[in-house]
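This is what each chain is made of:
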Amino acid sequence: MHDKDATPIEAIDFETLQQSTKRSKESKQNLNSKTILWFAFILLLLCALVVFLFLPKYVDEIRNANTVADQTQIETPSLEELPEAIEEIPVSEPLQESLVELSPEELSALKQEAEALLLQLIEKQNLLESKAVQKWASEEFKIALSLGSNGDEHFRKTEYPRAIAAYKDAVTVLDDLELQIAPTLSKHLEKGKLALTQAEKDTAIVHFQLAKSIDANNSQAINGLKRAETIKELYALLDQGGKLEAANRFSDAKTSYQKATELDPLSPEAKAALDRVSNRLTQNEFTRLINQGYKSLKARQYGDARAAFTTAQKLSPNSDIAKQGIASVEQAIRSEKLDTLTIEAQHFEDTQNWGNAAKSYEQMLVLLPNSSSAKQGLERSRQRETILTKLAGHIDNKLRLSTENVSNEAKQLLDEIATINNPGSNIEQRAATLKELISIANQPISITLQSDNQTEVAIFKVGKFGKFDQRKVGLKMGKYTIVGSRSGYRDVRKVVTVTAEMPSKTVSISCNEPI
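As the structure is a prediction and not an experimental result, all values here were calculated from the model.

Attention now moves to the overall build of the protein chain. Each helix and strand counted, the protein chain has 18 helices and seven strands in total. Of all 515 residues assigned to the protein chain, the portion counted as buried reaches 38%. Within the protein chain, contacts between residues at least 6 apart in sequence are counted, and of these 64% link residues at least 24 apart. Summed over all atoms, the accessible surface of the protein chain reaches about 29900 Å², with 51% contributed by carbon and sulfur.

What follows concerns the confidence of the model for the protein chain. For residues with low pLDDT, the predicted coordinates do not support detailed interpretation. With 81% of its residues at a pLDDT of at least 70, the protein chain reaches an overall mean of 82. Below a pLDDT of 50 lies the segment residues 2-41, which in the model reaches 43 contacts outside its immediate sequence neighbourhood of four places, other chains included. Confidence drops under pLDDT 50 across residues 47-99; counting only partners more than four residues distant or on other chains, this segment forms 85 contacts.

As a further point, take the sheet that holds strand β5 (residues 478-485). An order of β3-β2-β5-β6 is seen for the four strands of this open sheet, with the pairing classed as antiparallel. In this open sheet, the two strands that pair with only one neighbour each are β3 (463-466) and β6 (492-498). Along the sheet, successive strands turn relative to each other by an average axial angle of 20°, direction set aside. Judged from the four bridges that link them, strand β2 (residues 456-459) and β5 form a sheet pairing that is antiparallel. Paired with Ile459 across the bridge in β5 is Ile482.

The full count for this structure, using the stated rule, is 20 salt bridges. The salt bridge involving Arg380 is made with Glu349; its shortest N-O contact spans 2.7 Å. One end of the pair, Arg380, is in helix α16 (residues 372-396); the other, Glu349, is in helix α14 (residues 320-350), and 31 residues separate them in sequence. Taking the relative accessible area as the measure of exposure, Arg380 reaches 29% and is therefore partly exposed.

Here we take up the sheet that holds strand β7 (residues 506-508). Pairing is mixed in the open sheet, where three strands are placed in the order β4-β1-β7. With one partner strand each, in any of the chains shown, β4 (470-475) and β7 form the two edges of the open sheet. Ignoring strand direction, the axes of neighbouring strands in this sheet form an average angle of 30°. Of the strand pairs in this sheet, strand β1 (residues 445-450) and β4 are connected by six bridges, and their pairing is antiparallel.

A few words on the pairing of β1. As defined by bridge partners, β1 adjoins β7 across three bridges and the pair is classed as parallel. Of the residues in β7, the one forming a bridge with Gln450 is Ser508.

This paragraph deals with the environment of Pro161. Relative to the helices and strands, Pro161 is located in helix α6 (residues 160-179). For the pair Pro161 and Ala114, spaced 47 residues apart in the sequence, the C-alpha separation amounts to 8.0 Å.

Next up on the list: unusual backbone geometry. Phi at Thr158 is positive, roughly 60°, even though this residue is not glycine. Examined against the element boundaries, Thr158 turns out to sit in the loop between α5 (138-156) and α6. Even without being a glycine, Arg300 presents a positive backbone phi close to 60°.

Within the largest apolar cluster, 53 residues are counted, with the highest numbers of intra-cluster contacts made by Leu128, Trp136, Tyr167 and Leu177. Per-element tally for this core: the top contributor is α6, with nine residues. The contacts of Leu128, once residues within four sequence positions are left out, are Val133, Trp136, Phe141, Leu174, Leu177, Glu178 and Ile181. Of all hydrophobic cores here, the second largest spans 34 residues; its members include Ile438, Ala441, Ile445 and Ile482.

Here helix α3 (residues 104-130) spans 39 Å end to end across 27 residues, near enough to the 39 Å set by a 1.5 Å rise per residue. Residues of α3 that are buried: Leu107, Leu110, Lys111, Ala114, Leu117, Leu118, Leu121, Lys124, Gln125 and Leu128. Of the residues flanking the end of α3, it is Ala132, one or two places downstream, whose phi is positive at about 55°.

Within the fold, Asn218 resides in the loop between α8 (201-214) and α9 (219-229). Engagement of the side chain of Asn218 in a polar contact is seen with the backbone nitrogen of Gln220, the distance being 3.0 Å. Within the structure, Asn218 has its side chain in polar contact with the backbone nitrogen of Ala221 (distance 2.9 Å). With residues near it in sequence (within four places) discarded, Asn218 still touches Leu185 and Leu189.

Glancing now at the side chain of Thr184. Along the chain, the position of Thr184 falls in helix α7 (residues 181-197). By relative accessible area, which is 7% here, Thr184 ends up buried. Setting aside residues up to four positions removed in sequence, Thr184 forms contacts with Trp136 and Ile214.

Sheet analysis places β5 next to β6, joined by seven bridges and oriented antiparallel. Its bridge partner being in β6, Gly484 is matched across the sheet by Val492. Between the antiparallel neighbours β5 and β6 lie six residues, among them Gly488 with a positive phi of about 85°.

What follows is about the packing of α5 against α6. Following both chains from N to C, one finds α5 and α6 inclined at 160°, their axes separated by 8 Å at the closest point. By the angle between their axes, α5 is roughly antiparallel relative to α6. Of the two elements, α5 crosses α6, and the hand of that crossing is left-handed. The residues of α6 that touch α5, namely those facing Glu140, Phe141, Ile143, Ala144, Leu147, Gly148, Asn150, Gly151, Asp152, His154 and Phe155, are Tyr160, Arg162, Ala163, Ala166, Tyr167, Asp169, Ala170, Val173, Leu174, Asp176 and Leu177. In terms of residue class, the contact of α5 with α6 is made up of 13 nonpolar, four polar and five charged.

Conventions and cut-offs
Residues numbered from 1 in each chain as written. Predicted model: local features only at pLDDT ≥ 70, side-chain atom pairs only at ≥ 80, totals over all residues. Heavy atoms only, no water. Helix = DSSP H or I, 4+ residues; strand = E, 2+ residues; numbered from the N terminus. Buried < 20%, exposed > 50% of the residue type's maximum accessible area, 1.4 Å probe, protein only. Contact = heavy atoms within 4.5 Å. Areas by Shrake-Rupley, 256 points an atom, 1.4 Å probe, with all protein chains shown as cover. pLDDT = per-residue confidence, 0-100. Pairing = 2+ DSSP bridges. Axes fitted to C-alpha atoms, helices over the stretch in contact; angles between N-to-C directions. Salt bridge = Lys/Arg side-chain N within 4 Å of Asp/Glu carboxyl O. Core = buried A, V, L, I, M, F, W, Y, C linked by side-chain atoms within 4.5 Å. Expected span 1.5 Å × (residues − 1). Polar contact = N/O pair within 3.5 Å; in protein donor to acceptor, adjacent residues only side chain to side chain. Parallel < 35°, antiparallel > 145°, perpendicular 65-115°, else oblique. Left-handed = near helix turned anticlockwise from the far one by under 90°. Nonpolar A, V, L, I, M, F, W, Y, C, P; charged D, E, K, R; others polar.

So this is what it looks like as C-alpha cells:
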C-alpha cells in the first residue's frame, strides 16, 4: 500500500524468513503439542468472530453515513474535514506460523498468495485514487488502507496467513468501492444538471468538478462546467425573452432566445424557448400570408394570391388551409378562363367564324372535360366549318359539277344543309350558289365547230364527228379536248373550256401542216 498515512512495504529477505522459522521450531519443542493445538483453535475462532461480526457492521455504518451525507445539501466534504485515520480494525487471524510447523514449500506458497493479493490491492487502490475516491468515499477507503497496512505489518513479520486475511478484507472493501464508481459519477452529473436548472452556479460547479475528478474525459462534466460559468447570464436572457414574449413582442423575444442559445448551445430551456417563439412567429406569418392570398384572390390578382398561398405552404407543408387556397386560385383562374372562352366562342358563332369557334370550345373542354354545352358547341362549329369547306371546294371547281359523281356529292351536301337548323347566312348563300351551278352544269351549251371538210374531228369522251365545214355540238360545262387528224398532215389538238360565260362559242380545227 502506498497511501501517505500507510507504512511502506519493505523487501522481504528469504534468508531472514528461514532463520525466523528455525527459531519458531526450537520454541515449539518446549511446548506440549496437544495444548498448543487447542490454544490455536480457540484463538482462530475468536478472530473469525471479530471479523465476521464486527467488521461488516462497522463498514456498513461508515457507508450509511456517507450515503446520508450525499442525500443532504448538494455539497461534497473536503479532505480536510474528514476524521483522522481510524484505529486499526481487527481482522481474522489464522493460525500463526509460530504455532504450526510449516514446511519451506508451504511458507513459499503462502508468501506468493499474499504477494498476489497485495498486487491486486495496490492495483485497486491506484484505480480508485485515479477516480478521486477520497472525495466521495474517504471513510471506506481509509478502512481499506488500514486493512492493507495491517496486512503489510503481518507480511513483514512473515505472518503470511494473517497478511492474507487482511489483504482479502481490504480487497473486499475496495471491490465494493469500485462498484460505486459509475453510480457515483452518474449521481453527481444528475445533481449538477439539477443545479443548472435552478441557476445554482456554485453547486453545479461542485458536482461537475467531482464528476470530472472521477472521469476526466467525461463530456457531460466538461460541458456542465462550461455551462455553469454562464448560467446566470443565460437565465437573465431567458427571463428577458419571457417578458418580451408575454408582451407579444415575439421578434424581440426570439432575439433574446437566440443570444441565450449562442451563450449555451446545450441549454434545453433556451432551445425550447427559441423553438416555441419561432413556431409562434411562423404561425403568425402563415396566417398573414393566408389572409393576403384571399385578399388578392378577391381582387383577381391571381399571381399574387398564388405566391402568397405557396409561401404559406412552405411554412406549413402539411396544412390543408394553404392547399385549399392554391386550389381556390386555380379554380378562380379556370372559371374566369371558361367565362372568357364562352364569350369568345359565342362571338365567333355570331360572326360565323366556325373554325375559331371550334378552337374556343376545344380549350373549354380542356378546362372542363364534361361540359355538355362545350361539347355541343364544338360539334356544331366543326359541322358548319366542314360544310363551308366543302361548299367552297365545289364552287371553286364548278366545271367538275358536270360529271355525275361530283354532281351527286354536291347534291348530297345541299341535302345535309337543308336538315340543319339555322346553319348561318354564309352557308345558306353558298348553298344557293352551288345549287345554281349544279343547274347550269347540267344544261348543254351550244358550241359551233368549224373545219375544212378534210380533217377528221373528234372530242374526247364525247365522240367522233367526221369531216365537215361547220357543225353545232351541245356540251355541258367543263374542259374538253378536240382532236383533228388528216392523212399526210400533223394532228391538231385544242383544249376548250365550255362555260356559259365563255367569250366565243365557235371553235375552228383543221390539219394544215404536211408531214
